[in-house]
Amino acid sequence: MGIPEVELNSGYKMPLLGLGTASFTTALADEVKAMVHAIKCGYRHFDTAAHYGSEEAVGKAIAEALKLGLIKSRSEVFVCSKLWASDNHADRVLLALKKSLQNLNLEYIDLYLIHWPVTVTQESAFEYPVADKKNIIPFDCKAVWSVMEEAQRSGLVKSIGVSNFSCKKIEHLLSFATIPPAVNQVELSPAWQQKKLIDLCKANGIVVTGYATLGSAGQFWGTDRVVGIQALKDIAKAKGKSVPQVILRWAHQQGVATVVKSYNPQRMQENSDIFDWELSEEECKKISEIPQSRGGKAEGFVSEEGAIKSVEDLWDGEL
């Protein structure tokens, strides 16, 4: 069964399951090979970012897939990239976008997101955690969003959105946006279900995309806290499915999109085999009872010396 799509408020369609590419340490040739295999497995949505260093690999994989005849045109693939915090300045958005297009070797990006509601100066470009916290300065959302809208109108991007925005920050953005965000990409898992945020975004025609849905165990900030939950293990055993499959199916039934990072060919296939079966109401109820806490708090942006004094400030108390 193919990966279903959702229509964004921009009128474009986005596959509901994407391949995450935040690997940071994988060699370019290995990344390209993995992404080409993903296309063979039916993936058509690739989630990258300036900060991941994987844009070049995504571009090369698309070119290779075209050469091999796995896809007939660029338009068959949906590419999401993101504006990093050091380019979160009105006068740097278009420069950063054009650099991403150059890295990807593409004429347009399907979805371009503000990666964080955070601005840092060029002295701390691409640093995380930010070493000199004085380089974390106030984020002018209105000014940056205005240029994001300009980028969409120009055709350099088909849709625009945000990432890691709390309910309060979404409401603030909607108060002045002339083009509303198509997507809010956030941490979302059975251990951090984000019900309030999902409801707010749905009510305003914004698609929620979940990341770290399996807990991001392979990342520097991830853990196995999600895949280790006993209730999920019990459901997986009863259904004859893997724990990641149960988690990804649960996310699908919440009406959200998901990006999941795995370059392992077997897991890549397994992660996409979630659309021809479902979890029962009782199983979903068990998952809804899992204790909640945010996994990634992004403390690397927080300091008394910078513009963001506490994690409570960054997330507006949504912890």
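In what follows, the structure referred to is the one given above.
Definitions and cut-offs
- The residue numbering used here restarts from 1 in each chain and proceeds along that chain's sequence as written.
- Confidence filtering applies because this is a predicted model: local features only for residues at pLDDT of at least 70, side-chain atom pairs given and counted only at 80 or more, and all residues used for totals across whole chains, interfaces and linings.
- Side-chain measures were taken over the full set of non-hydrogen atoms in the model, leaving aside hydrogen atoms and water.
- Numbered from the N terminus, helices here are DSSP runs of H or I no shorter than four residues, and strands are runs of E no shorter than two.
- For a helix, the expected span equals 1.5 Å multiplied by the number of residues minus one.
- Type-normalised accessible area, obtained with a 1.4 Å probe on protein chains alone, sets the label of each residue: buried when under 20%, exposed when over 50%, and partly exposed for intermediate values.
- The contact criterion used throughout is that any non-hydrogen atoms of two residues lie within 4.5 Å.
- When the strands point away from the viewer, a crossover counts as right-handed if the route from the first strand across the helix to the second turns clockwise.
- Here, strands pair whenever DSSP counts at least two bridges between them.
- Each nonpolar core is a collection of buried residues, namely Ala, Val, Leu, Ile, Met, Phe, Trp, Tyr and Cys, held together in the definition by side-chain atoms within 4.5 Å.
- Residues are called lining when one of their atoms sits within 4 Å of a cavity or pocket point, these points coming from a 1 Å grid over the protein atoms alone, where a cavity is a set in which a 1.4 Å probe fits but cannot get out and a pocket is an open set with protein on both sides within 12 Å along at least five of seven lines.
- Grid points are joined across faces, edges and corners, and a volume is the space filled by probe spheres set on the points.
- Here the term charged refers only to Asp, Glu, Lys and Arg, the term nonpolar to Ala, Val, Leu, Ile, Met, Phe, Trp, Tyr, Cys and Pro, and the term polar to all other amino acids, Gly among them.
- Axis definition: a line fit to C-alpha positions, over the contact stretch in the case of helices; interaxial angles, taken between N-to-C directions, run 0 to 180 degrees.

A word on unusual backbone geometry
Inference 1: Residues Tyr128 and Pro129 are joined by a peptide bond in cis, for which omega reads -5 degrees.
Inference 2: For Pro129, the location among the structural elements is in the loop between strand E7 (119-120) and strand E8 (136-137).
Inference 3: Of note in the backbone geometry, Phe126 takes a positive phi value of approximately 60 degrees without being a glycine.
Inference 4: Relative to the elements of secondary structure, Phe126 occurs in the loop between E7 and E8.

Focus on helix H1 (residues 28-40)
Inference 1: Along its 13 residues, H1 runs 19 Å from first to last C-alpha, staying within 8% of the 18 Å computed at 1.5 Å per residue.
Inference 2: If you check which residues of H1 are buried, you get Glu31, Val32, Ala34, Met35, Val36, Ala38 and Ile39.
Inference 3: Contact partners of the buried residues in H1: strand E3 (17-20), strand E4 (45-47), helix H2 (55-68) and helix H9 (265-272).
Inference 4: Two residues or fewer past H1, Gly42 is found with a positive phi of approximately 105 degrees.

Structural notes on the pairing of strand E5 (residues 78-83)
Inference 1: Counted residue by residue, E5 has six buried out of six residues, so it is predominantly covered.
Inference 2: The parallel pair E4 and E5 is bridged by H2, and the resulting crossover is right-handed.
Inference 3: One ladder, built from four bridges, connects E5 with strand E6 (residues 109-114); its direction is parallel. When the sheet's bridge partners are listed, Cys80 is paired in E6 with Leu111.

Points about the nonpolar core
Inference 1: The biggest cluster of nonpolar side chains holds 78 residues, and the ones touching the most others in it are Trp145, Met148 and Leu232.
Inference 2: Ignoring any residue separated from it by four or fewer positions in sequence, one finds Trp145 in contact with Ile114, Ile160, Gly161, Val162, Leu173, Phe176, Ala177, Ile179, Pro180 and Pro181.

Examining empty space enclosed by the protein
Inference 1: All told, the structure shown has two cavities of 30 Å³ or more when counted by the stated rule.
Inference 2: In this structure, the largest cavity spans a volume of roughly 40 Å³.
Inference 3: Residues of the lining of the largest cavity, tallied by class, amount to four nonpolar, three polar and two charged.
Inference 4: There is about 30 Å³ of room inside the second largest cavity.
Inference 5: As for the second largest cavity, its lining consists of Leu16, Leu17, Leu248, His252, Val256, Thr258, Ile274 and Phe275.
Inference 6: Taken together, the residues of the lining of the second largest cavity break down into six nonpolar, two polar and no charged.

Some remarks on the layout of surface pockets
Inference 1: Of the volumes computed, that of the second largest pocket is approximately 320 Å³.
Inference 2: Pro117, Phe139, Lys169, Asp313 and Asp316 are the residues nearest the centre of the second largest pocket, which is lined by 16 residues in total.
Inference 3: Elements supplying a minimum of two residues to the lining of the second largest pocket: helix H5 (167-174) and helix H11 (311-315).
Inference 4: In terms of residue count, the dominant contributor to the lining of the second largest pocket is H5 (three residues).

Some points on the sheet that holds E6
Inference 1: Read around the closed barrel, the eight strands follow the order E3-E4-E5-E6-E9-E10-E11-E12; overall the barrel is parallel. Ignoring which end each strand starts from, the neighbouring axes of this sheet average 30 degrees apart.
Inference 2: Pairing of strand E11 (residues 207-211) with strand E12 (residues 257-260), which is carried by two bridges, proceeds in the parallel orientation. When the bridges of E12 are listed, Gly210 appears paired with Thr258.

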